Amino acid sequence: MSDKVLLAHGSGGKLAHEIIHNNFLSALDNPILNQLDDSAIINAEGKLAFTTDSYVVQPIFFPGGDIGKLAICGTVNDLAMVGAKPLYLSLAFIIEEGLPIKDLRKIIASIKETADEAGVIIVTGDTKVVNRGSADRLFINTAGIGIIPPGVNISGHNAQPGDAVIINGTIGDHGIAVLSQREGLGFTTKLESDCSPLNGLVAEMLEVSNAIRCLRDPTRGGLASTLNELAEQSGVSIRIEEDKIPVREEVGSACEMLGLDPLHVANEGKLVAIVDAEDAEAIVARMQKNQYGRDAAIIGEVQEEHPGRVVMKTRLGTSRIVDMLVGEPLPRIC
Amino acid sequence: MAIANDFRRSELVAGLVRSINQHATREARFMEFCGGHTVAILKNGIRQLLPPAIALTSGPGCPVCVTDNADLDKAIALARLPNLIMASFGDMLRVPGSSSSLQEARAAGSDIRIVYSPLDALELARTNPQKSVVFLAVGFETTAPGVAASVLQAKKEGLKNYYILSLHKLCPPITKVLLDSGEINIHGLICPGHVSAIIGSNPWQFIARDYGIPCVVSGFEPLDILQCVDMLTQQVARKEAKVEIAYKRSVTPQGNLTAIKIMEQVFQPAPSCWRGVGKVADSGLVLKPEFKDFDAELNFDFDPGPTKTQKGCICGDILRGVKTPQECKLFRKVCTPMSPVGPCMVSSEGSCAAYYHYGEEDVR
């Protein structure tokens, strides 16, 4: 057997069967997936949440994760951000011919591990192999279904003046960890991506409070873009304080060096929560007990004036607008 | 971040602000030459800390912005040549030329790579021996030594496929032109920190001497800038005009002699076209004759086409310090970072982009 993925592996013939059985099914084994019918048949009751995302991160292995872990966390987190309990995921691979089988296996193992941690199962999948140059090593698409518990109503439209803004930890770790691996950037760091499934953390937050109004994961575009989206959707302004936003020293230094703003750098294991101010401290206290919320902090508040604007009080005591990231200053990171 | 935090300590900020208030007995307008300073001033809300008597105005110090359309068109035409890799700093890609941009050329199939240093471009030349690699050398005295070093290295290695398109510009000559024009009325110059780290503070002496304008070289942290403004304010109060350095950890009067030597070994001054100003004698750098094999302009046959200027765009006036971005009819309406009309809205050091992103209207 070849030690690399060949075009023929995507042909639908014997080799295709072989790659699916030997790599995907053996690792992701579960009764629904094992049926191998054209669609997965699942039971679900209640209000469903449904989402999809594609993953094209480069490099496919980076400190703290890989494209497989990212593909699970990203979709699990999108479900968690509407308060859903994630249950079932689809998994589609577009592979550039020549990808080493051992890399494929490593990524599938990582998918399995992350899915287990998040408590989701892969119920359907697809594999395509394309000519060299038609893709960059490996692209993954996942879609996910989750169930929203009764009484939970979380949406970007729900922020109200007076609400508190919470982040679950340090910002910019993922973007800088991935950038540090890029050819030509030439800086080394021990920093790891924060890539992680946040559904457990969200479930704990929901146990503490029924006044969680908005949740969003600040991935591409960073915290700044997420806050702007929420301010826009809810028709409010958000005022944050620079001093209160957790930023690792390595991330701060790398940003200074590269001319980036940590507020614009991508995260893959972070969430912004806008909650009733009365519940904020209890929520943060609970978050800090979870491994993915240890550095959780209240970073600002929702205000009425200047709807759609995000304003930051700087360390100097002055104020400035925090704008969305425009364009893609650097190559793709998720 | 530890360093950055040291330079943002609130008690030090308060001390400098007190001193500025105390000395600001007369109205004074200071020009920050450098786009990096414009960004730092807006990003940190520094104007909010200054007394009404002190005004800050932006200057021409954004290398991407001052690059003329005719030069951008050359870069775009070169990038379209077959079998050629154009290596460029990321900022240049989105800058609109007369009728296109490098970004559009890339979408149409040109091989354009973003690099962070000319040495990355050199590496591209080594690993792609069958192709020509052209480094788009845009920048002030800050970047010129690095580019010069890449040319020297290419010569040493006998690389035959490495070229540069030198659009380098020099800061003191353009400052002289601006002051001679009589268009701007400034009482102090915030001299560029990174440029001065290379050339030293001495090349600014003529401004203090001949024009009676105080000059202080500044770093880019909020405290650096406040210290610089404080020193300028004190000079104005004492009616002095001298060159001082508020960025001693990086800048000396003589500059970086090694960098200057490399730059002078490879480049010679030449006329250069500045957006909004036009051709200025000895304000650019071209390769010396002995390095002509590395000069993209001399070694490729390309047609940049007719030069056109963007209608309604006042980037030229903004770069001369005559107007502010808010005075532009296109600002925020037609011209945004998503669809920039002029370069000052594209570059990360451009005044329009800085005002757009960090603008101080209605935030307090």
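Residues numbered from 1 in each chain as written. Chains lettered and ligands numbered in written order. Predicted model: local features only at pLDDT ≥ 70, side-chain atom pairs only at ≥ 80, totals over all residues. Heavy atoms only, no water.

Let's shift gears to the packing of aromatic side chains. Under the definition given, this model contains eight aromatic pairs over all chains. Aromatic pair Phe220(B) and Tyr247(B): ring centres 6.3 Å apart, planes at 85°, arrangement edge-to-face. Residue Phe220(B) is located in the loop between β8 (215–217) and α12 (222–237), and its partner Tyr247(B) is located in the loop between β9 (243–245) and α13 (257–266); the two are separated by 27 residues in the primary sequence. Here Phe220(B) and Tyr247(B) have matching classes, each one buried. Aromatic ring contacts, followed pair by pair, group Phe33(B), Phe140(B), Trp204(B) and Trp274(B) into a single cluster. Of note, Lys106(A) hangs over the ring of Phe61(A), and the distance from its end group to the ring centre comes to 4.4 Å. Stacked on the ring of Phe291(B), the Lys or Arg Lys155(B) has its end atom at 4.9 Å from the ring centre. (Phe/Tyr/Trp six-rings, centres within 6.5 Å; stacked < 30°, edge-to-face > 60°. Helix = DSSP H or I, 4+ residues; strand = E, 2+ residues; numbered from the N terminus. Buried < 20%, exposed > 50% of the residue type's maximum accessible area, 1.4 Å probe, protein only. Lys NZ or Arg CZ within 6 Å of the ring centre and 35° of its normal.)

Turning our attention to the domain arrangement of chain B. Quoted interface sizes are often the accessible area lost when the parts come together. Residue and element names in this part refer to chain B. Looking at chain B, the domain boundaries give domain 1 (1–310) and domain 2 (315–358). For domain 1 and domain 2, the distance between their C-alpha centroids amounts to 17 Å. Residue-level contacts link 29 residues of domain 1 with 22 residues of domain 2. When domain 1 packs against domain 2, the two sides together hide about 2,200 Å² of surface, and 61% of this comes from carbon and sulfur. Among the residues of domain 1 in contact with domain 2, Leu-42, Cys-65 and Arg-94 are the three that bury the most area, contributing 24% of the side total. Taking the shortest distance from any N to any O, the salt bridge between Glu-183 and Arg-320 comes out at 2.7 Å. Where domain 1 packs against domain 2, one counts six residue pairs in polar contact (both at pLDDT 80 or more). Mapped onto the side of domain 1 that touches domain 2, the elements with two or more residues apiece are α3 (35–43), β2 (54–61) and α4 (63–66). It is α3 that provides the largest number of residues to the side of domain 1 that touches domain 2, a total of six residues. Its residues assigned to classes, the side of domain 1 that touches domain 2 comprises 14 nonpolar, nine polar and six charged. (Domains from an automatic or database assignment. Contact = heavy atoms within 4.5 Å. Buried area = accessible area lost by both parts, 1.4 Å probe. Salt bridge = Lys/Arg side-chain N within 4 Å of Asp/Glu carboxyl O. Polar contact = N/O pair within 3.5 Å; in protein donor to acceptor, adjacent residues only side chain to side chain. Nonpolar A, V, L, I, M, F, W, Y, C, P; charged D, E, K, R; others polar.)

Scanning the entire structure with this criterion turns up one disulfide over all chains. Paired through a disulfide, Cys62(B) and Cys65(B) show a sulfur-sulfur distance of 2.3 Å. Across the S-S bond linking Cys62(B) and Cys65(B), the dihedral sits near 70°, which makes this disulfide right-handed. Take Cys62(B) and Cys65(B): they sit in the same class, and that class is buried. Here Cys73(A) stays unpaired: no disulfide links it, and the sulfur of Cys195(A), its closest cysteine neighbor, is 3.8 Å away. Here Cys344(B) stays free of any disulfide, with the sulfur of Cys315(B) as its closest cysteine sulfur at 3.3 Å. A relative accessible area of 1% places Cys344(B) in the buried class. (Disulfide = S-S within 2.5 Å.)

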